[in-house]
Amino acid sequence: MEFAPRITRLPRPYDPEQGAEARALVPGLVAELADLIDGAAGCSPYLATLIAQEADWLPVALNDPEGAVSDVFADLPMVAPDQLAEALRKAKRQVALITGLADLAGVWPLEMVTQVLTDFADLSVDLSLKSTIGAEIKRGKLPGMTPDDVPTAGGMVVLAMGKMGAGELNYSSDIDLICLFDETRFDPDEYHEARASFVRATRRMSSMLSDRAAGGYVFRTDLRLRPDPAVTPVCMAMAGAEAYYESLGRTWERAAYIKARPCAGDLVAGQRFLDTLRPFVWRKHLDFAAIEDAHNMRLRIREHKGLGGRLNLQGHNMKLGQGGIREIEFFTQTRQIIAGGRDVDLRVRGTVEGLGKLAEKGWIPSDAARLLTDHYRHHREVEHRLQMLRDAQTHSLPTSDDEFDRLAAFMGTETDALKADLRGRLREVHDVIEQFFAPEAGETTGAVHEGLDDDVIRRWPSYPALRSARAVQIFNRLKPDILSRLANTAHPNEALMAFDGFLAGLPAGVQVFSLFEANPHLIDLLVDIVGTAPALAGYLSQNAGVFDAVIGGDFFAPWPGCAALEAALKDHLEGETDYERKLDAARRWRKEWHFRIGVHHLRGLIGADDAGGQYADLAGAVIAGVWPEVVAHFAEKHGLPPGRGAVVLGMGSLGARKLNAGSDLDLIVIYDAAGVDQSEGRRPLLSRLYYARLTQAMITALTAPMAEGRLYEVDMRLRPSGNQGPVATGWASFQEYQRNDAWVWEHLALTRARVITGPDDLAKEVEAFRVALLAEKGDPARVLIEVAEMRERIAAAKRPEGPWDTKLGPGRQQEIELLAQAGSLMGGGAKRDVAAGLAAGVAIGWLDDADRTALSRAYGLCWQVLQAARLLSDKPLDPEQLGAGGAGFVLRETGHDSLEALLEALEAETGAAAEIIDRALARQPRGC
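Values in this document were obtained by computation on a predicted structure and should not be read as measured data.

J.: Which parts of the structure should I look at to understand the overall build of the protein?
T.: Helix and strand content of the protein: 40 helices and ten strands. Its C-alpha atoms put the protein at 115 × 75 × 55 Å along the principal axes. Expressed as a percentage of the 928 residues in the protein, the buried residues total 55%. Taking the intrachain contacts of the protein between residues at least 6 apart in sequence as the baseline, contacts between residues at least 24 apart amount to 75%.

J.: Any chance you could explain a positive patch on the surface here in plain terms?
T.: A grouping of K637, R682, R683 and R693 is seen on the molecular surface, where their side chains present a positively charged patch. Tracing the backbone through its elements, the reader meets K637 in helix α29 (residues 608-638). On the accessibility criterion, K637 (34% relative accessible area) is partly exposed.

J.: For this particular structure, what's the right way to read the nonpolar core?
T.: Burial of nonpolar side chains together is a common tendency in soluble globular proteins. In terms of nonpolar packing, the biggest core is built from 107 residues, with W460, F499, F502, L503, F513, V626 and L667 touching the most fellow members. Ranked by residue count, the leading element in this core is α29, at 14 residues.

J.: Explain the confidence of the model for the protein here, please?
T.: Residues shown with low pLDDT carry predicted positions that ought not to be read at fine detail. A residue-level look at the protein finds 93% of positions with pLDDT of 70 or above and a mean pLDDT of 88. Element-level pLDDT for the protein is lowest in helix α14 (residues 289-305), with a mean of 63, against a maximum mean of 97 in strand β1 (residues 156-160). When the criterion is pLDDT under 50, residues 440-448 qualifies, and its contacts beyond four places in sequence or with other chains add up to nine contacts.

J.: What should I look at first to understand the state of the cysteines in this one?
T.: The term disulfide refers to a covalent linkage connecting the sulfur atoms of a pair of cysteines. Within the structure shown, the criterion is met by zero disulfides. There is no disulfide at C235, and the cysteine sulfur nearest it, in C179, is 5.7 Å away.

J.: Honestly, helix α9 (residues 191-210) in this entry has me stumped. Any pointers?
T.: What sets the pattern is the α-helix's 3.6 residues per turn: residues three or four places apart point alike. Helix length check: α9, at 20 residues, gives a terminal C-alpha distance of 28 Å against a target of 28 Å (1.5 Å per residue), a fit within 8%. Residues A194, S197, F198, V199, A201, T202, M205, S206, M208 and L209 constitute the buried set of α9. Where α9 is buried, its residues touch α6 (84-104), α7 (110-138), β1, β2 (175-181), β3 (221-222) and β4 (235-237).

J.: Help me understand the pattern of salt bridges in this model?
T.: Where charged atoms from two side chains of opposite charge approach closely, those side chains can pair. Using the criterion set out here, one finds 54 salt bridges in the structure. A salt bridge links R923 to D851; the nearest nitrogen and oxygen atoms lie 3.2 Å apart. Residue R923 is located in the segment after α40 (899-921), and its partner D851 is located in helix α38 (residues 849-872); the two are separated by 72 residues in the primary sequence. Look at R923 and you get partly exposed, because its relative accessible area is 28%. Using a relative accessible area of 7% as the deciding quantity, one classes D851 as buried. Connected through salt bridges with shared partners, the residues K163, E168, K259, R326 and E329 form a single ionic network.

What counts, and at which threshold
Numbering of residues starts from 1 in each chain and follows the order in which that chain's sequence is written. Owing to the predicted nature of the model, reporting of local features is limited to residues with pLDDT of at least 70; listing and counting of side-chain atom pairs is limited to 80 or more, with chain, interface and lining totals taken over all residues. Here the side-chain values reflect all heavy atoms present in the structure, with hydrogen atoms and water set aside. Strands here are runs of E lasting at least two residues and helices are runs of H or I lasting at least four, both read from the DSSP assignment and numbered beginning at the N terminus. Here's how the labels work: a residue is buried when its accessible area is under 20% of the maximum for its type, exposed when over 50%, partly exposed in between, all with a 1.4 Å probe on protein chains only. Throughout, a contact is declared for two residues whenever any of their heavy atoms are within 4.5 Å. Candidates for patches are residues over 30% relative accessible area with no salt bridge; among them, like charges are joined within 9 Å and nonpolar side chains (Val, Leu, Ile, Met, Phe, Trp, Tyr) within 5 Å. Note on areas: these come from Shrake-Rupley sampling with a 1.4 Å probe, and a residue is covered only by the protein chains present in the view. Each reported salt bridge corresponds to a side-chain nitrogen of Lys or Arg within 4 Å of a carboxyl oxygen of Asp or Glu. Here Asp and Glu are counted as negative and Lys and Arg as positive; His is not counted, and neither are the chain ends. Where a charge lies is defined by one atom per residue type: Lys uses NZ, Arg uses CZ, Asp uses CG and Glu uses CD. For this analysis, a nonpolar core means a set of buried residues of the types Ala, Val, Leu, Ile, Met, Phe, Trp, Tyr and Cys, connected via side-chain atoms within 4.5 Å. Scored from 0 to 100, pLDDT reflects the predictor's confidence in each residue. To count as a disulfide, a pair of cysteine sulfur atoms needs to be within 2.5 Å. Multiplying one less than the number of residues by 1.5 Å gives the expected span of a helix.

Take a look at the structure:
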């Protein structure tokens, strides 16, 4: 595409004589192109030199700049190794000239300019590397390698870092490279010889690129970003680099690897290495501690370079100085590091692209992203102009008026306007960045707030979370705000004691305190929790990572439902390749959603019934997500499940979709081997043994207490024959047992059974069988006798833990559920909830409407109290330990004015329910 019609701006010649000389070297150009040559050469001695050197090539290049660059790139791989260095230098002159002119004229946008420069750097590094590796192989110095190994550089890869990695090279950039080799391609006794060969090749590659000759140079190369460059060779084994990053890697190195990419040599091995570093770069939790690391790095750079103090445009460093390019890059990379472990969309290399993604995903304000993007692009253009002037890797504005006039002319503007624009942009960037990295800190010392127990506060420095100086420093900035919020609660010292419990339980403080400092609204949430539910605060001490979910953007959004949860967990697990990591990812994911439900309930956004359904949805999603992973892992050794597979049934409260915060899961596994005797795998198993061990693997996955905690406690006692039966039941055996051998209590349990996951066809058959069986097995005479006996056995075996135990005791939750199950069974109903069971009892003439109303009212009150109690503690309510915040939550949930009134209503409602149950179990339904 022709150059001239696309010109949108022109520099003014600062030195008209120099411009005219260059213009005369390239005759026959249209006016716009002649003016461009005049202005470019008249401002930049370097461009004037390039125009003189490439005067014959330039008219062709200007006719089709994109095609000219492509031709340069295409010709280079054909050059003989002994002529490569000179060919690269000539190509650099041509690429530098055409990109400079295209940039000055506005023909190419900034991104294209930087990408062309980066593409040329990639090609130059790749060709020079293969040339030097080829020479090593030809001399027999790289053990075991032949000329066929040159395309992959014998297992060596060059990682492009910094601006080159991001496709953002500026006009006179040096290139930051890390050189590694894949040590697994060599026998152990060849390692040292191979490393020495790679080191030689690396040094020669670097020399080929950076040595100056009559024709200039290609790129200055910097190999110092590798691990511990003072003591390590210029080319390292991948295993050694990986070990360094895992044990000693620092935040700035994590940030550097955001932009890293393989650019030359064995690209596959290079990408494999970057994949192994993913957990190092992208942490599983939100990493707000990175803010202070980056801020400290900024301060060290300023101090080292002498860039502190007031803004002065004379000699101001556009890269490292106040409001400069590095500030924007630090801001972007730090935000990416904070959240990129959780949000893979943020894992992009480019600064502008990174700002866009951060705004799109809600991690930074859109107006801040737009402002920083605009200023970043302008800063980079100024940087390019500074470097084009004399091909110097400079980032500093001129120190003299004459040079400022030259720069203004080069940018097609006036000096005063340029200075005013630069000053405004630098200040705006500085203000945004400073607010992020160093927000105004509160007092760090001073008197304790009135009304708070000074003795409690004095013991905080002895806690594990405050054992590091860095943690103390951050906490001291937070402390005044925390104390102020605690002092403003309804019962300050209760809240203080609960916060004290949270702080005492924290194993470490830097990450959590950094999270609070960057997100002050989380302190409000924590104070709310510690003032209401100290047990939940204790849980947070050990699982502070769940706070990540609060700032993820949709924490307070409407409940998504089970299907959406299943899809979300499936996507989450697909990001992990290792089985144990998948399970840990599931544990973290479950904890965050479990915490969300609890917070919503605590804050009155949902009631007891909604909470019960949401806890059940979450459990169902976890089972549905983990089961396929367990099956796949098990199948690696023993083969795919024989026959039709297996379904997992949720029983009890899970089946009825009525879980509480501390519920375990009642499960049954039913399989259908369909006549297949054994699995087909490396270690085949008989079908019965296969499914028994598969079920045990599932139980282990759900219950094993690992570093991320456990998913759930599991109870398998509701399977046929209870603890005496196999953990997995064959489909045919299950049907036979339920028809001919099952006890009434097992049929009662089936009234709440629900298939959670498994093959659709088998799931439908199980549900159809359940419905048909319940319609057959509801003989009232038998059911009522068994239910009455069960009630007596439960009462004898499980005593209530006082008047606030709403689960056990006459007329309380368990008895009403039992009665409802009896109603469902005798009425042949397939619905699983208590309301449906009581309605069935009314339909068969066993209960009347008044009975149903009274039982429903008692059950609802028991359920509300139980849900609240399980959120606050793992025991029944204890008014002596409840605290004012907890009491307020319980009373709000139940609609009562005082605990005394609540207890009175509870005893009255459950007493009436107990009498109804007594009468119901003593009579037959109408017509029986």
